[in-house]
Amino acid sequence: MGLWLASMVPTVEIAWVVAFLLLTIYLFAFEVVGVDVTAATVMVLLGLTSLVAPLMGLEEGLIDAAQLFRGFSSNAVISIIAVMIIGAGLDKTGLMSRVAGFILRVGGSSETRVIPIVSSTAGVISSFMQNVGAAALFLPVVSRISVRTGLPMSRLLMPMGFCAILGGTLTMVGSSPLILLNDLMLTSNRALPPEHQMETWSLFSVTPVGLALIATGILYFIVAGRFVLPVTRTEGTKATNTMGYFRETYGIEYELWEVVVPAESPLVGKLLDDVEGRFSIRVIGALRGSDDLRIGPGGLARDVGIQAGSVLGVLASPEHTRTFVEHFHLDVRKDLETFSELLSPSQAGIGEVVLPPGSSLVGKSARDVWMRKTYGLSMVALNRGGKIFREGDGIRDMPLQPGDILVVHTAWDALARLEKDRDFVVVTTEYPHEESRPHKVGWALGFFGIALGLILFSDLMLSVALLTGALGMILSKVLSIEEAYEAVSWKTVFLLASLIPLGMAVETSGTAAWIAEQTLVVMGDMPIWVLQLAIAVLATGFTLVMSNVGATVLLVPLAVNIAVGAGANPAVFALTVAIATSNSFLIPTHQVNALIMGPGGYRVPDFMRAGGVMTVLFLIVMTVMMNLVY
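Participant: Is there a simple way to think about the overall build of the chain in this case?
Facilitator: A tally of helices and strands in the chain yields 25 helices and 10 strands. For the chain, the proportion of its 630 residues judged to be buried stands at 56%. When contacts within the chain are restricted to residue pairs at least 6 apart in sequence, those whose partners lie at least 24 apart make up 77%. With the model as given, the accessible surface of the chain reaches about 26300 Å², and the carbon-plus-sulfur share is 61%.

Participant: Hey, could you run me through the packing of aromatic side chains in this one?
Facilitator: Any two aromatic rings considered together are summarised by their centre-to-centre distance and by the angle between their planes. All told, the structure shown has 14 aromatic pairs when counted by the stated rule. Between phenylalanine 279 and phenylalanine 328, the ring centres sit 5.2 Å apart and the planes meet at 65°, which makes this aromatic pair edge-to-face. Separated by 49 residues along the polypeptide, phenylalanine 279 in helix α12 (residues 272–279) and phenylalanine 328 in helix α13 (residues 318–328) bring together distant segments of the chain. Here phenylalanine 328 falls in the buried class, since its relative accessible area comes to 1%. Relative to phenylalanine 424, the ring of tyrosine 375 lies with its centre 5.0 Å away and its plane at 75°, an arrangement referred to as edge-to-face. On the criterion of sequence distance, the pair formed by tyrosine 375 in helix α14 (residues 371–375) and phenylalanine 424 in the loop between α15 (412–418) and β10 (425–426) is long-range, its members being 49 residues apart. Classification of tyrosine 375 by relative accessible area gives buried; the value is 16%. By relative accessible area, phenylalanine 424 is classed as buried at 4%. Taken together, the ring pairs connect Phe162, Tyr220, Phe221, Phe585, Tyr602, Phe607 and Phe618 into an aromatic cluster.

Participant: How should the pairing of strand β8 (residues 387–390) be read in this particular structure?
Facilitator: Regular strands show a simple pattern: their side chains alternate between the two faces of the sheet. Two strands pair when backbone bridges link them, and strand β7 (residues 378–384) and β8 are joined in this way by four bridges, in the antiparallel orientation. Bridge pairing in β8 links arginine 384 to lysine 387. Two successive antiparallel strands, β7 and β8, enclose a turn made up of two residues, where glycine 385 displays a positive phi of approximately 60°.

Participant: For this particular structure, what's the right way to read the sheet that holds strand β5 (residues 331–332)?
Facilitator: Paired through backbone hydrogen bonds, the strands of a sheet run either parallel or antiparallel to each other. Pairing is antiparallel in the open sheet, where five strands are placed in the order β3-β2-β4-β1-β5. The sheet is open, and its two borders are formed by β3 (292–294) and β5, each paired with just one other strand. Two strands pair when backbone bridges link them, and strand β2 (residues 282–288) and strand β4 (residues 311–316) are joined in this way by five bridges, in the antiparallel orientation. Residue pairing in the sheet places glycine 285 in a bridge with glycine 313 of β4.

Participant: How should I be thinking about the nonpolar core in this particular structure?
Facilitator: In globular proteins that are soluble, nonpolar side chains generally tend to be buried together. Core analysis: the biggest nonpolar cluster contains 137 residues, and Met160, Leu181, Leu575, Ile579 and Met622 have the highest contact counts within it. The contacts of leucine 181, once residues within four sequence positions are left out, are Met172, Trp201, Val556, Ala574, Leu575 and Ala578.

Participant: What's the story with the confidence of the model for the chain in this structure? I'm lost.
Facilitator: Detail in the predicted coordinates should be disregarded across regions flagged by low pLDDT. Here the chain averages 82 in pLDDT, while 87% of its residues score no lower than 70. Of all secondary-structure elements in the chain, the lowest mean pLDDT belongs to helix α1 (residues 2–5), at 52, while helix α23 (residues 570–580) reaches the highest, 94. Every residue in residues 234–241 is under pLDDT 50, and counting partners more than four places away or in other chains gives 20 contacts.

Participant: For this particular structure, what's the right way to read the sheet that holds β7?
Facilitator: Taken together, five strands build an open sheet; the order of strands is β8-β7-β9-β6-β10 and the sheet is antiparallel. Bordering the open sheet on either side are β8 and β10, each of which pairs with just one other strand. Inspection of the sheet shows strand β6 (residues 348–354) paired to β10 by two bridges, in the antiparallel sense. From the neighbouring strand, valine 354 faces β10, where its bridge partner is valine 425.

Participant: What is the right way to look at helix α22 (residues 548–566) in this model?
Facilitator: Helical geometry: 3.6 residues make up each α-helical turn, so side chains three or four residues apart lie on a common side. Along its 19 residues, α22 runs 25 Å from first to last C-alpha, staying within 8% of the 27 Å computed at 1.5 Å per residue. Along α22, the sharpest kink reaches roughly 35°, centred on leucine 555 and followed within four residues by the proline proline 557. Most of α22 is tucked away, with 16 of its 19 residues classed as buried. Directly after α22, the chain includes glycine 567, whose backbone phi takes a positive value near 80°.

Participant: It is not clear to me how the packing of α23 against helix α25 (residues 604–629) should be interpreted in this structure. Could you clarify?
Facilitator: Each pair of packed helices can be described by the angle between their axes along with the distance between the axes. It is the contact of α23 with α25, at a shortest axis distance of 11 Å, that shows an interaxial angle of 155°. Taken together, α23 and α25 sit at an angle that is classed as roughly antiparallel. As α23 runs across α25, the sense of the crossing is right-handed. Together, Val572, Leu575, Thr576, Ile579 and Ala580 of α23 and Phe618, Met622 and Met626 of α25 make up the contact between the two elements. Of the residues in the contact of α23 with α25, the class split is seven nonpolar, one polar and no charged.

Participant: Please clarify how a negative patch on the surface should be interpreted in this entry.
Facilitator: Residues Glu13, Glu59, Glu60 and Asp64 make up a contiguous surface patch of negative charge. Secondary-structure assignment places glutamate 13 in helix α2 (residues 12–30).

Participant: Whenever I open this one, unusual backbone geometry confuses me. Can you help?
Facilitator: Trans is the prevailing form of peptide bonds, just as negative phi is the prevailing case for residues other than glycine. Even without being a glycine, histidine 329 presents a positive backbone phi close to 55°. Looking at the secondary structure, you find histidine 329 in the loop between α13 and β5. Histidine 329 gets classed as exposed once you look at its relative accessible area, which sits at 54%. Look at lysine 477: it is not a glycine, yet its phi comes out positive at around 65°. The topology assignment puts lysine 477 in the loop between α17 (462–475) and α18 (481–487).

Participant: Can you walk me through the packing of helix α6 (residues 111–125) against helix α10 (residues 207–228) in this structure?
Facilitator: Interaxial distance between α6 and α10 falls to 10 Å at its minimum, and their mutual angle equals 155°. Viewed along their axes, α6 and α10 adopt a mutual orientation that is roughly antiparallel. Read as a crossing pair, α6 and α10 show a hand that is right-handed. From α6, Thr112, Ile115, Pro116, Ser119, Ser120 and Gly123 reach across to α10, where they touch Ile214, Ile218, Phe221 and Ile222.

Participant: Explain a nonpolar patch on the surface here, please?
Facilitator: There is a patch of nonpolar side chains on the surface, built from Leu23, Tyr26, Phe30, Val32, Val33, Val37, Val44, Leu45, Leu48, Leu51, Val52 and Leu55 and spanning about 1100 Å² of accessible area. Listing elements by their share of the nonpolar patch, those giving two or more residues are α2 and α3 (35–48). Position of leucine 48 among the secondary structure elements: in helix α3. The exposure class assigned to leucine 48 is partly exposed, which follows from its relative accessible area of 43%.

Parameters at a glance
- Residues numbered from 1 in each chain as written.
- Predicted model: local features only at pLDDT ≥ 70, side-chain atom pairs only at ≥ 80, totals over all residues.
- Heavy atoms only, no water.
- Helix = DSSP H or I, 4+ residues; strand = E, 2+ residues; numbered from the N terminus.
- Buried < 20%, exposed > 50% of the residue type's maximum accessible area, 1.4 Å probe, protein only.
- Contact = heavy atoms within 4.5 Å.
- Areas by Shrake-Rupley, 256 points an atom, 1.4 Å probe, with all protein chains shown as cover.
- Phe/Tyr/Trp six-rings, centres within 6.5 Å; stacked < 30°, edge-to-face > 60°.
- Pairing = 2+ DSSP bridges.
- Core = buried A, V, L, I, M, F, W, Y, C linked by side-chain atoms within 4.5 Å.
- pLDDT = per-residue confidence, 0-100.
- Expected span 1.5 Å × (residues − 1).
- Bend = angle between axes of the 7 residues up to and from the residue.
- Axes fitted to C-alpha atoms, helices over the stretch in contact; angles between N-to-C directions.
- Parallel < 35°, antiparallel > 145°, perpendicular 65-115°, else oblique.
- Left-handed = near helix turned anticlockwise from the far one by under 90°.
- Nonpolar A, V, L, I, M, F, W, Y, C, P; charged D, E, K, R; others polar.
- Patch = residues over 30% accessible without salt bridge, like charges linked within 9 Å, V, L, I, M, F, W, Y side chains within 5 Å.
- Salt bridge = Lys/Arg side-chain N within 4 Å of Asp/Glu carboxyl O.
- Lys, Arg positive; Asp, Glu negative; His and termini not counted.
- Charge placed at Lys NZ, Arg CZ, Asp CG, Glu CD.

Rendered as structure tokens:
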């Protein structure tokens, strides 16, 4: 192929590089093998050209073998690894769950309120962590909102997913192409004359464009969402909710309620022990005052007093709850607000534990061991030899026997700790086991702030600054080293590192300059903004059929050379490519779109309908903002 192309291009070397480009695009477009395998294959083939150069009509290989694996140690690759670890650390502390809980409280049930809050938050978060990670984080949040409000998942997931992609344009570490861009610009500088040398972009250089794009995306779905978003009823992403199982097995008709204690209520001043047994209710969470939140081990106990203004999380049957509320003149909230996140099915639920024969609790009652305070277990039923004892049968005063099955409401992290306790055998297995470390949130935010400060106020390489934050989280045990390794998408790392040699070959062989010349000939004497728009359209087309990283590596050298030939700013044209590779809405080839396709019940025509308009808006807003700002 290279020899045939030699008759159409200036040199044999350019012909072979064009052949490698066409091969790469073909393998990416038709997914003959995985994109990372494609990139690694092309990298190895480029290395082999030094061995068979004479047979190819070349004096030497297309790339110096010593430079072949330079991508694996590049600033861009190390930066992407560090960003993934930092994002995982922030998630591990539960910080993102707190953000999700806030959205659940203020979003209400209105689609026009929920979409802006969820979408803008996902967009901001994806500006400092991988956008697919931000989208994955918000999947369970959107699922809970859908269940509570009755809004179809399909009306919420696509706006969230699109804004997570757009959020990658808010900072220079928001997406892989933007992280990679400065390295590509420095590589291009080697072939440029002194008067066209490009200055690299700072962290927030791209923020004005990103803000405009996110605002456009949100307004688009608020105004036109009812016309372009499908109404598909799906079950969504279900968290572990075992209420149904225990209702059938034990006849427990319990539900979660949130009640507020008015100042004039006769409940003020009483202890939990005074009312729980009498009214057959179980208090599993309490907020006294503005900051005294009691839930889980060490929190609630029967001697806790009830104050005016307290918010109680109550587990009981509707009948017993109604009696309790009417007797003490309490206010029942329609939905969980204070405990919406802490008592959500993904955080807590009903489980079963068995007392083994050697348990130190045998012969003692739940009251004797202060079970709720000590272990975080609120017992709601007891199964002894097939006979079921429930609330009101004095279950907390009964001496426990070997083989007793305790039906308890508990936080999942407390249940996970009991799996290592010899006094219990945990029967429930289908519950979220992932360990959260809320006590490490200070360390996580501290090292994230240090990394951000180094980026903003020092001359350190981006990779060193980000690795400082990542390693700080590991050393402070926000993450274990194994969890850090798991947080890295090695497929993305190999894809990026393996494509860098191809970009070098495109630049050093003169291929980029030749394609730029041909593009200028075709475009003629068009205004600079038309050339910029043409580059953006080209990048959009490439990113729909190949990875955004691959499109950036291939097109940045081309854009730089077109800008130089047209007398435009090459740095702005390079940035145009890196931003336009986020314009991936038309078909579900982007990782985020692929992620939301199943839970949202979307089909390809759904993306084409909603994404088609978004693609055009993206190009218009980006072109206008870049010409205004730069």
